[in-house]
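Commentary on secondary and tertiary structure
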Amino acid sequence: MYKEQVQRRILTVLVILSLGFLSLEGWMTWMRNQSTQELVEYRQTFLHQNLSRMVARLGTTLRSACSDYSLWTQMQDFSKKLDRHWAKVNIDTSLPEFGITHTWIVNSEYKTVYSFIVDSLPEFEQPLQKDTLKSVKGLNFYQGFYRYKQAIFELAACPLHSSDDYERLGEATGWLVLAQPVGEDYLEQIALLTDSKASIVFNNHLSPSSTINNPWNIRISLPFRGASGQPVAFLTATTHLEDLKKLYDASTQLIIVNGFSIICLLFLTYFLLQVWVLSPLKQLTNSLDKNTASELKTLLSRDDEYGRLASLVNDFFQQRDLLAAEIQKRGQVMDQLAQVNLQLFDNARLDELTQVANRRRFDEYLASAWNSAISTGNPIALLMIDLDFFKRYNDTLGHPEGDDCLALVADVFRNVVKSRHDLLARYGGEEFAAILPLTDEAGAKVLAGRIIDVLKQAEIPHPGSEFQVVTTSIGVAACSPIPHQNPDMLINMADKALYEAKRRGRNGVVAFSELPKTVDEDINQ
């Protein structure tokens, strides 16, 4: 009895000591973490402030040059009357000396009338949209960043006014847009002044100030914002806190020494739990992790709670396997049905004779492309293509030959209208149509001219035509739609241009902008 009392008292003392040691370890750990966190936050703030100053100084030269040149009276005169010699001396030679590599002059109609790009640097169009330039007037100024492929450029834009007009706040008569790349020399300056490693990344999933990989690598990330206000890239700087890590490691060693007694005390308890409780649970866990019943052989022979639990898990796996086989079988059936439905969907939107899009697909795609053009402000063009004297072809050679001719002509058109954004469709009878998103009238006329030439080169005989081969007439229309406009407007414009092409003798292209004020629309088909 006395021995049992001593054992209980020793166990009680060990428990109390363990609780005391655990409390002490917890307090020491909390104090260590608090101090370390404060030091890390201080270093984060220091790095962030220095990086912000570097970013703020980045565009000083660009902004100063843009402001000075935009107030130059000769620059305003140059935007109205281009003088290549003057530009070569005052733009092409002078601005690169300030590190400026891209220069654009934009007129009051938001069109680029002059551009200069330093050799060996990427060429891209003036990236500021109409809405952005429209807001830059009077004393306003735009400064931001632009991403082109894997390069970042800083942009600056000023309205073109002479010195006498500097205080005027009206609409600008033009804009000067400048750009310079954010290069490796800038990153080297940041690394030198902030004792960190700087880089530019395009996808940033971390917070502006964070630790990465471990608490001793601090990362600061500042966005490069574009014209829309959204980040186009991020300037990041990372630094390794070696001194804090040494202090942290020293305190960790102290905590480990103080906790050694606790580990020794708990070892026996862990051993007993491992033998009587954890080992069977580990077998069950391994079986569930491996998703198989092979780990349950030992437990299934036991006549206790673990054996009954193992039996239930084994039954679950058997039912799971049967259910998985049934699901796989039904999945194969669903895949077959999906393929059949996809084929039916495609067939419903193809013209059976010419194997190009049918009228239904034409209407759907035009509505979609029209709405996209409204939301983005991009142009959209439409070609109305009608075969010349095709009624005579059918009357002379017969309708079966006419169907063969339509299929052959569709192949010719398809080889020309092959951009992934464009859609060629059979509009009806011998009439085809081509929807050209992201295309203005000039580009559409070029494509229409290629259709005329390629069809002429095919030399499909047509005894009933005055040209002796199958030819076509094409009406071209293009616009940048605005809300509340209907795509039928574009179709009517292209139709009128097509009628005019017929009236002018066929085998040609007429754009809607070329039509006279009054056009005879009663054209003999």
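Rules and cut-offs
- Residues numbered from 1 in each chain as written.
- Predicted model: local features only at pLDDT ≥ 70, side-chain atom pairs only at ≥ 80, totals over all residues.
- Heavy atoms only, no water.
- Core = buried A, V, L, I, M, F, W, Y, C linked by side-chain atoms within 4.5 Å.
- Buried < 20%, exposed > 50% of the residue type's maximum accessible area, 1.4 Å probe, protein only.
- Helix = DSSP H or I, 4+ residues; strand = E, 2+ residues; numbered from the N terminus.
- Salt bridge = Lys/Arg side-chain N within 4 Å of Asp/Glu carboxyl O.
- Phe/Tyr/Trp six-rings, centres within 6.5 Å; stacked < 30°, edge-to-face > 60°.
- Pairing = 2+ DSSP bridges.

**Quick look at the nonpolar core**
Within the largest apolar cluster, 31 residues are counted, with the highest numbers of intra-cluster contacts made by L383, V409 and F413. For this core, the secondary-structure elements that each account for two or more residues are β10 (380-387), α11 (390-397), α12 (399-416), β12 (431-437), α13 (441-458) and β13 (472-479). The greatest single-element share of this core, amounting to seven residues, is contributed by α12. Grouped together as the second largest cluster of nonpolar side chains are 22 residues, L423, A425, I435 and M493 included.

**Side note on the environment of S64**
Relative to the elements of secondary structure, S64 occurs in helix α2 (residues 60-70). In sequence terms S64 and A156 are 92 residues apart; their C-alpha atoms lie 9.5 Å from each other.

**What about the pattern of salt bridges?**
Inspection of the entire model under this criterion finds 13 salt bridges. E326 is paired through a salt bridge with R330; the nearest N and O atoms lie 3.0 Å apart. Remark: R330 and E326 occur in helix α9 (residues 305-347); sequence separation between them is four residues, near one turn of the helix. Exposure remark for R330: the relative accessible area of 56% places this residue in the exposed category. Taking the shortest distance from any N to any O, the salt bridge between K502 and D388 comes out at 2.9 Å. Placement of the pair is K502 in helix α14 (residues 488-503) and D388 in the loop between β10 and α11, with a sequence separation of 114 residues. One exposure class covers both K502 and D388, and it is buried. Salt bridges here are not isolated pairs; linked through shared partners, they connect K445, E500, R503, R504 and E514.

**What to know about the packing of aromatic side chains**
Here a ring pair, both rings aromatic, is described through the centre-centre distance and the interplanar angle of the planes. Applying the stated criterion across every chain, the model contains 13 aromatic pairs. Centre to centre, the rings of Y69 and W72 are 5.7 Å apart; their planes meet at 85°, and the pair counts as edge-to-face. Considering the side-chain rings of F145 and F224, the 4.2 Å spacing of their centres and the 25° angle between planes classify their relative orientation as stacked. Here F224 lies in strand β8 (residues 217-225) and F145 lies in strand β3 (residues 142-148), a separation of 79 residues in the sequence.

**Some thoughts on the pairing of strand β1 (residues 102-107)**
For β1, the tally of buried residues reaches six of six residues, placing the bulk of the element in the interior. Direction of pairing for β1 relative to strand β2 (residues 112-117): antiparallel, over a ladder of five bridges. Bridging from a neighbouring strand, W104 pairs with S115 of β2. As consecutive antiparallel partners, β1 and β2 are separated by four residues, and within that stretch Y110 has a phi angle of approximately 65°, a positive value.

**Quick notes on unusual backbone geometry**
Of note, the phi angle at Q468 is positive, near 65°, even though the residue is not glycine. Locating Q468 in the fold gives a position in the loop between α13 and β13. One non-glycine residue with positive phi stands out, namely R506, at about 65°. Looking at where R506 falls in the secondary structure, it is placed in the loop between α14 and β14 (509-511).

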